[in-house]
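A closer look at the structure
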Amino acid sequence: MKRILVTGATGNIGLEVVHYLNVLNSDSEIIAAVRDIADAKLKFPDAVNLQFRQFDFENPDTFSAAFHLVDVLFLLRPPQISEVDRFFRPLLLAAKANGIRNVVFLSVQGAEKSKVIPHNKIENLIQQLEFNYIFVRPSYFMQNLTTTLLPEIVKQKSITLPSGKAKFNWIDVKNIGEVTAYLILNFGKYQNRSFEITGTENKNFAEVVDLMSEITGETISFQSINPIRFYFKKRKEGIASGFAAVMTILHFLPRFQKEPDISDNFQKLTGKKPTSIREFIAREKEKLTGIQQ
Ligand SMILES: NC(=O)c1ccc[n+]([C@@H]2O[C@H](COP(=O)([O-])OP(=O)(O)OC[C@H]3O[C@@H](n4cnc5c(N)ncnc54)[C@H](OP(=O)(O)O)[C@@H]3O)[C@@H](O)[C@H]2O)c1
């Protein structure tokens with residue numbers, strides 16, 4: 001029996017990883033590493049066999065107990081934590097000291113090419129510390145439409161970003177959760193490799209709002225603004241400076257890069273087709289129109 005510890009279990013990716021570990025797994029023990037156990041339990045009403053351990057990325061005193069007798073650590077970087085030496089080095093050293101050898105890290109597409117992003121530094125650190133690893137490198141989440149971009153979509157029927165005509169590759173977080181769970185459960189077969197996980201479509205925001213308008217029946221528009229204006233707009237909306245900066249860079253830089261690569265890893269590993277943008281919008285129509293909060 002394997003013991004699998006899932007960090008970020010209550011977030012977009014973590015919820016899906018836990019869901020698919022439960023669906024695909026027969027004999028591993030699945031443990032959610034969470035800040036607030038009582039609160040986290042409410043998010044998993046049906047996962048009867050799921051266990052919980054207290055864990056805080058920002059509190060090294062929680063590491064040892066959380067990492068006790070774990071075979072595979074699923075690690076992600078919460079969006080607000082960027083300082084790798086301050087937070088991830090002690091965490092990974094504690095994992096090592098507690099005997100963890102296998103790490104699956106949720107990275108991002110292109111992390112190996114971009115020296116400035118934390119995911120690149122975390123990948124390097126995992127390798128330097130000689131863990132067996134799998135790096136999952138997904139493209140742009142479709143769920144950005146139903147999370148960070150949703151308030152403006154619902155209230156103003158618009159999306160404002162500094163992305164111009166840049167094309168993004170769109171992937172469903174459910175697809176990422178499914179393939180990640182598969183890789184965790186088959187760690188030995190795929191270890192020490194990296195997997196880009198993408199959908200099959202590269203589309204810019206003007207194309208995506210057109211599809212949204214067609215499927216929802218509402219007129220949703222897209223406006224591209226300059227990155228400095230965008231950053232201050234987000235700050236004015238109350239978004240923390242670090243996250244506003246990440247949102248600006250994430251949506252502005254692709255204007256100067258080539259179109260994202262499209263990978264068939266999802267299909268190869270799961271035997272399924274990834275969700276199309278059209279399917280995603282149809283599935284999430286009630287959220288996107290504000291009917292479902
Ligand atoms: N958005 C995209 O298009 C995209 C694309 C590729 C890669 N990514 C990467 O995906 C990652 C974000 O994943 P996500 O969307 O699943 O994030 P998310 O929904 O914001 O979830 C973050 C998770 O981390 C937990 N967490 C936050 N701070 C913590 C702390 N101090 N101690 C313990 N747990 C803590 C949260 O728990 P609580 O419930 O306690 O808050 C939550 O479970 C980032 O590294 C991002 O760069 C994003």
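Residues numbered from 1 in each chain as written. Predicted model: local features only at pLDDT ≥ 70, side-chain atom pairs only at ≥ 80, totals over all residues. Heavy atoms only, no water.

Some thoughts on the site of the ligand
Selection criterion: Being near a molecule or strand, for a residue, comes down to having at least one heavy atom within 4 Å of it. Throughout this description, a polar contact denotes any pair of N or O atoms lying within 3.5 Å of each other; where both atoms belong to protein, one of them has to be capable of donating a hydrogen while the other can accept it, and for residues adjacent in sequence the pair is counted only when both atoms sit in side chains. Reported accessibility uses the Shrake-Rupley method at a 1.4 Å probe radius. Residues are deemed covered only where the shown protein chains occlude them. Segments assigned H or I by DSSP are reported as helices when at least four residues long, segments assigned E as strands when at least two residues long, and all are numbered from the N terminus. For this classification, Asp, Glu, Lys and Arg are treated as charged, while Ala, Val, Leu, Ile, Met, Phe, Trp, Tyr, Cys and Pro are nonpolar and the rest, including Gly, are polar.
Taken together, 24 residues lie around the ligand, and Thr-10, Asn-12, Arg-35, Asp-56 and Arg-77 are the ones closest in. Ile-13 places a main-chain nitrogen or oxygen 2.9 Å from an oxygen atom of the ligand. Taking Arg-35, its side chain carries an N or O atom lying 2.8 Å from an oxygen atom of the ligand. Here the ligand, which alone exposes 950 Å², has 83% of that area covered by the protein. Contributions of two or more residues to the shell around the ligand are made by helix H1 (12-24) and strand S7 (140-141). Broken down by class, the residue content of the shell around the ligand amounts to 11 nonpolar, nine polar and four charged.

Structural notes on the nonpolar core
Soluble, globular proteins show a tendency: their nonpolar side chains are buried together. Quick reminder of the rule: By nonpolar core we mean a set of buried residues, namely Ala, Val, Leu, Ile, Met, Phe, Trp, Tyr and Cys, connected to one another through side-chain atoms within 4.5 Å. When a residue's accessible area, from a 1.4 Å probe over protein chains only, is under 20% of the maximum for its type it is buried; when over 50% it is exposed; and in between it is partly exposed. What makes two residues a contact is simply this: any of their non-hydrogen atoms within 4.5 Å.
Counting residues in each nonpolar core, the largest one holds 38 residues, and the members touching the most others are Val-6, Ile-13, Leu-21, Phe-74 and Ile-176. Ranked by residue count, the leading element in this core is helix H7 (residues 173-185), at seven residues. Apart from the residues lying within four places of it in its own chain, the contact partners of Ile-176 are Ile-13, Leu-106, Val-136, Pro-138, Phe-141, Ile-171 and Ile-197. With 29 residues, the next largest nonpolar core counts Leu-5, Ala-33, Phe-105 and Phe-135 among its residues.

With respect to the environment of Phe-88
Within the fold, Phe-88 resides in helix H4 (residues 84-97). Looking at Phe-88, the relative accessible area reads 0%, which means it is buried. Beyond its immediate chain neighbours, meaning those up to four positions away, Phe-88 contacts Phe-57, Leu-75, Leu-76, Arg-77, Pro-78, Ile-81, Glu-83, Ile-122 and Leu-125.

Description of the packing of H1 against H7
Our working definition: To get an axis, fit a line to the C-alpha atoms, keeping to the stretch in contact for a helix; angles then go from 0 to 180 degrees between the N-to-C directions. Put simply, angles under 35 degrees are roughly parallel, angles over 145 are roughly antiparallel, angles from 65 to 115 are roughly perpendicular, and the rest are oblique. Note on convention: the crossing is left-handed when the near helix lies turned anticlockwise from the far helix by less than a right angle, right-handed when the turn is clockwise.
Where H1 meets H7, the closest approach of the two axes is 8 Å, and the angle between their N-to-C directions is 50°. Classed by the angle they form, the pair H1 and H7 counts as oblique. Classified by chirality, the crossing of H7 by H1 is right-handed. Facing H1, whose interface residues are Asn-12, Ile-13, Glu-16, Val-17, Tyr-20, Leu-21 and Leu-24, H7 presents Val-173, Lys-174, Ile-176, Gly-177, Glu-178, Thr-180, Ala-181, Tyr-182, Ile-184 and Leu-185. When grouped by side-chain class, the residues that make up the contact of H1 with H7 number 11 nonpolar, three polar and three charged.

A closer look at the layout of surface pockets
A probe as big as a water molecule, rolled over the atoms, marks out the empty space that is left. Applied cut-off: Cavities and pockets are found on a 1 Å grid laid over the protein atoms alone: a cavity is a set of points where a 1.4 Å probe fits but cannot escape, a pocket is an open set with protein on both sides within 12 Å along at least five of seven lines, and a lining residue has an atom within 4 Å of such a point. Grid points are joined across faces, edges and corners, and a volume is the space filled by probe spheres set on the points. Domain ranges listed in this record stem from an automatic or a database domain assignment.
The space that makes up the second largest pocket amounts to roughly 300 Å³. Mapped onto the lining of the second largest pocket, the elements with two or more residues apiece are H1 and H7. The dominant element in the lining of the second largest pocket, judged by the number of residues it contributes, is H1, at four residues. Of the residues that constitute the lining of the second largest pocket, the class distribution is two nonpolar, five polar and five charged. Structurally, the lining of the second largest pocket is a two-domain feature, drawing no fewer than three residues from each of domain 1 (3-138) and domain 2 (143-168 + 200-258 + 275-288).

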